[in-house]
Amino acid sequence: MQNIQQYTSRIMRHIRAEWQLYLLLAPTIIWFIVFLYVPMYGLQIAFKDYSIFKGVAASPWVGLEHFYTLFESEQFMRAIKNTLILSGYNLLFGFPMPIILALGFNEFTKAFFKRTAQTVVYLPHFISTVIIAGIVMSVFSPSVGVVNLLLVQMGFDSVYFLVQPEWFRPIFIGTGIWQEAGFTSIVFLAAIAGVNPSLYESALVDGANRWQMMWRITLPSILPTIIIMLIIRIGNILEVGFELIILLYQPSTYETADVISTYVYRQGLQNAQYDLAAAAGFFNAVVAFVLVLTANTISKRVTKTSLW
Amino acid sequence: MNMNLYSRGDKFFAICIMVLVGLFTLSTLYPFIYIAAVSFSSGFAVTSGQVTIVPIDITFAAYDRVLSDPMFWNAYKNTFIYTFGGTFVSLLIIIPGAYALSRPQLKGRRFWNFMVAFTMWFNAGMIPFFLNMRDLGLLDSYFGIIIGFACNAFNIILLRNFFEGIPDSFTEAARMDGANDFQVLWKVFIPLSKPAIATITLFCIVARWNGFFWAMVLLQDEDKLPLQVYLRRVIAELTDDEEFVSSTVNALYSFETVTAAIMVCSIVPILMIYPFIQKYFNKGIMLGGVKE
Amino acid sequence: MSGVSLSKMTKRYGIVEVVRGIDLEIKPQEFVVLVGPSGCGKSTTLRMIAGLEEISDGTVKIGDRVINEVAPKDRDVAMVFQNYALYPHLSVFENIAFGLRIRKVDKKVITQSVNDVANTLGLTEYLERKPADLSGGQRQRVAMGRAIVRHPKIFLFDEPLSNLDAKLRTQMRAEIKRLHKRLKVTSIYVTHDQIEAMTLADRIVVMNDGRIEQIGTPMELFNNPVNTFVAGFIGSPPMNQLNAIVNDVDGRLVAKVGNSLITLPKIKALANSSNREVIVGIRPEHVLLQASATSSPIAIELELVETLGSEALLHTQIAKTPFVVKAETRFGDVSHLDKVTTLHIEPDLIKVFDADTGMALATAIQD
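Per chain, residue numbering runs from 1 following the sequence as it is written. By the order in which they are written, chains take letters starting at A while ligands take numbers starting at 1. This being a predicted model, a pLDDT of at least 70 is required before a residue's local features are given, and a value of 80 or more before pairs of side-chain atoms are given or counted; all residues contribute to the totals for chains, interfaces and linings. The side-chain quantities take in all heavy atoms of the structure and omit both hydrogens and water.

### A closer look at the packing of helix α7 (residues 129-139) of chain A against helix α9 (residues 165-193) of chain A
A pair of packed helices can be characterised by two numbers: the angle between their axes and the separation between those axes. Residues and elements named next belong to chain A. Orientation of α7 relative to α9, taken along the N-to-C sense of each, is 125 degrees, at an axis distance of 12 Å. With respect to α9, the element α7 is oriented oblique. The handedness of the crossing between α7 and α9 is right-handed. Contact with α7, carried on its side by Ile132, Ile135 and Val136, involves Ile171, Thr175, Trp178 and Gln179 of α9 and no other residues of that element. Split into classes, the residues belonging to the contact of α7 with α9 amount to five nonpolar, two polar and no charged. Fitting a line to C-alpha atoms yields each axis, with helices limited to the stretch in contact; the angle taken between N-to-C directions then spans 0 to 180 degrees. Counting from the N terminus, the helices are DSSP H or I runs at least four residues long and the strands are E runs at least two residues long. We call two directions roughly parallel when the angle between them is under 35 degrees, roughly antiparallel when it is over 145, roughly perpendicular when it lies between 65 and 115, and oblique otherwise. Each crossing is labelled by how the near helix is turned from the far one, with a counterclockwise turn of less than a right angle marking it left-handed and a clockwise turn marking it right-handed. The contact definition used throughout considers only heavy atoms, calling two residues in contact when any of these lie within 4.5 Å. The nonpolar class holds Ala, Val, Leu, Ile, Met, Phe, Trp, Tyr, Cys and Pro. Asp, Glu, Lys and Arg form the charged class, and all remaining residues, Gly among them, are polar.

Structure below.
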């Protein structure tokens, strides 16, 4: 009893002394609760027959019904497949590009050219998805787009790229690389900057050429960074740039373009099937969570550094 | 390293690399040049496929048409409201929060930090977030867009890590001088953290300026739409708008030049702050060693 | 001016005690130095007095007032930090004025006080500069200025000189001493450097493992360390310590070290001992190269002679234990030191410690 009293009086004293700290913290915590944790509570509609009028809490439970519906739905299975395929390609083609760019920048001897090139390749990262989509649309436009002008000039027929499902993946992956490869290279450039310069000097004295230095010094030195980035990418494999997809896809390309997030968007926000869409989103979030945790565990084992 | 020291093979290698990186750089730059060229060309020059790099039949007709649309100006104004209002509110929440989370004397610090970081790995997703915004009555409102996206775990952790790097003796000296937490934050931490705060400010500005998805989902009222949503509507609507297409027959602008002009108008402000972004995002990336 | 008194002051982190119930009375105007190896709790002690660490148990009084629960700013103490904690975004003037501004002191008063302090410390011409543009010694002075300007009852120094190079450290040490003579403010100074402790302190408090080992004036500690720890900590190089076996031979105490026999001073506790194990302490300065009437010889193995100029250090071994001797050179000539094979030791200069407890056995002088 006395202990409890002592404890409470300690707490009270602490709060009297440090109340300002809690006042400063309050907006952040309230914001996180109101905008991120209340929705987590709302996730229960994935297991309910949600009715707008009854609200989250009062809607009746239906167990896993929505999940059965989802896994029997061809569209949802297609969305999972597309998500994995787009992510996989993105990993295969998108992951090496920033490394190659960083290695390339590192070989530049003229600071001016290096800086100019960097300024240009970082830029698309800061441009809105709507503009990126607009650029893609006009560049690939069937009548006046510069790609088709080139094709016609070389004697081919013009192609309506954006309505043909087989073209969606290359265009989406290519756009992603175009937009992000430059910016992502910063991470690798930072790693390269951390390599001890005396390694290069001693290699030079040993008679190594630039190519050998790149393969035998630079690349092995930044390998830990590469591995960490790779693990992060694999952990985030369910994340595809769905905003760009929403802007670029159309019913004729759903076959290759529709991913989980766009499926959730269409079912939930456009067709108002909130509970079903929430179930799809819940599935996505749980799998993503497990993947990220796994990635972190692997990263801890492999590189002895945790991502958080 | 001095290029003169290179052997012939090294020079060849260096030139190959520069050509490759140069090609990538040009292909990054080209679409922007193309869009700018289209926006300054006549509609006829574009539709007849003459425009590739430089503007043909230089005209400002597309800009005239865009700038004379009150909806464009309204969208521009809205984007400014969302960008500056949003950034201001973000800083108002993030800076004090990051400060408190960095203080060792905060009780339950591990718990609060976990609560923030957890949202980076697990997210309720689109639908519950939307329904929550609706339940809060924040649909179709300026305030909803500004407050609903004011915070994120990444920015808080970024700034908190920076704050944690400030030596304890600064805080302790200030405390012994009689400074309270508000004063320590205002007179010591904020002046000492200018680069980190600048980085976060720029992150916020860019994210706000470019934000489109949730504005599209949450806003119904045309008067409240930001530039990006307006642009998307223009692209989506003008394509099928026969009245518009027929109106362009004799005009100097076309669907292509008008959309290109809007894109240019939307990119220019980003280009204007781009030098600052460049200065700070390198630092930001370095700060971003996100650790709990 | 106020004194400070600590009674049973304790700091616990969880179950780990870092400061284990310290009692210490510091008189008004006194300059007390807390010294000890890193991790001995000296900094924690200082920080508890400052109010930067909560006190787990016991009390701290400044004057007659218990200040356990008083906020740091209301304790009327000022602290100089190891890294100075100068705000890089503020000028020297604003750095010194910071505490006064926080306390909303009148602007004119602030200008006056800062200028006075700057004058005292010779900082007047640097007032407009930023800390980054100052030398190490100047930064150190600004840090002191920030403490002085508030006219506190107590000054606290947390290893304030350890970031300076050796030469500057000597210089600033003297400056701190002069300042204390002038201002006569009670000062508590933490350092791990025993030379700083010896030169600055009115009284030294030697700490180890969260406890006070000994309190005394520098010369008391030097001449009469209470245990082997203090003996090994104070003095440079520290006191040599040799294991020995004592026998009372007809009222004369003889210690056997290796193969040599040394006569010890008369110590009551050792009377009539036979084959008792002790530790014999001999300061490097207290060794003779020539025999005197009362000295006993001891055989050594000379390993190395380090020349320091007017004196030299002889690194030797006695019974496989390192033994250091400080000897004078002959106007810089050390050739006579290379051939030393025997040292001579005066009984009165030998300290004897219990082999088990390490505590000093009452010394000859007091006996």
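### Comments concerning the pattern of salt bridges
Where side chains of opposite charge bring their charged atoms close, a pairing between them can arise. Criterion for a salt bridge: a side-chain nitrogen of Lys or Arg within 4 Å of a carboxyl oxygen of Asp or Glu. Scanning the entire structure with this criterion turns up 28 salt bridges over all chains. Across the pair arginine 210 of chain A and glutamate 107 of chain A runs a salt bridge, and its minimum N-O distance is 3.1 Å. One end of the pair, arginine 210 of chain A, is in helix α11 (residues 210-235); the other, glutamate 107 of chain A, is in helix α5 (residues 96-107), and 103 residues separate them in sequence. Between arginine 276 of chain C and aspartate 354 of chain C there is a salt bridge, with its nearest N and O atoms 2.8 Å apart. Here arginine 276 of chain C, found in strand β14 (residues 276-282), pairs with aspartate 354 of chain C, found in strand β21 (residues 351-354); they are 78 residues apart in sequence, far enough to count as distant. Note on arginine 276 of chain C: relative accessible area 25%, which makes it partly exposed. Accessibility here uses a 1.4 Å probe with only protein chains present; expressed as a share of the type maximum, an area under 20% marks a residue as buried, one over 50% as exposed, and anything in between as partly exposed.

### Notes on the environment of aspartate 157 of chain A
Here aspartate 157 of chain A shows up in the loop between α8 (146-153) and α9. The spacing of aspartate 157 of chain A and proline 142 of chain A is 15 residues in sequence and 10.0 Å in space, taken between C-alpha atoms.

### Some words on the sheet that holds strand β16 (residues 296-299) of chain C
When DSSP locates at least two bridges between a pair of strands, those strands are taken to pair. Within the open sheet, the three strands sit side by side as β15-β20-β16 (chain C). Their pairing is antiparallel. Of all strands in the sheet, those with a lone pairing partner are β15 (287-288) and β16 of chain C, marking the two edges.

### With respect to unusual backbone geometry
Each neighbour pair has its own omega, and for serine 236 of chain C with proline 237 of chain C the value is -5 degrees, a cis peptide bond. Structurally, the position occupied by proline 237 of chain C is in the loop between α8 (228-233) and β11 (240-249).

### Notes on the pairing of strand β2 (residues 16-26) of chain C
All names here are of chain C. One ladder, built from eight bridges, connects strand β1 (residues 4-13) with β2; its direction is antiparallel. Across the sheet, serine 5 pairs through a bridge with glutamate 25, a residue of β2. Adjacent in sequence and paired antiparallel, β1 and β2 are bridged by two residues, among which glycine 14 carries a positive phi angle near 65 degrees.

### Describing the packing of helix α6 (residues 111-122) of chain A against α9 of chain A
Residue and element names in this part refer to chain A. The contact between α6 and α9 brings their axes to 7 Å, and the two run at 125 degrees. With respect to α9, the element α6 is oriented oblique. Note on element contacts: α9 touches α6 through Gly182, Phe183, Ser185, Ile186 and Leu189, opposite Gln118, Val121 and Tyr122. Per-class residue counts for the contact of α6 with α9 are five nonpolar, three polar and no charged.

### Notes on the environment of alanine 197 of chain C
All names here are of chain C. Considering the arrangement of structural elements, one finds alanine 197 in helix α6 (residues 194-200). On a C-alpha basis, the gap between alanine 197 and leucine 34 in space is 7.6 Å, while along the polypeptide they are 163 residues apart. In contact with alanine 197, not counting residues within four places along its chain, are Val33, Val35, Thr191 and Ile204.

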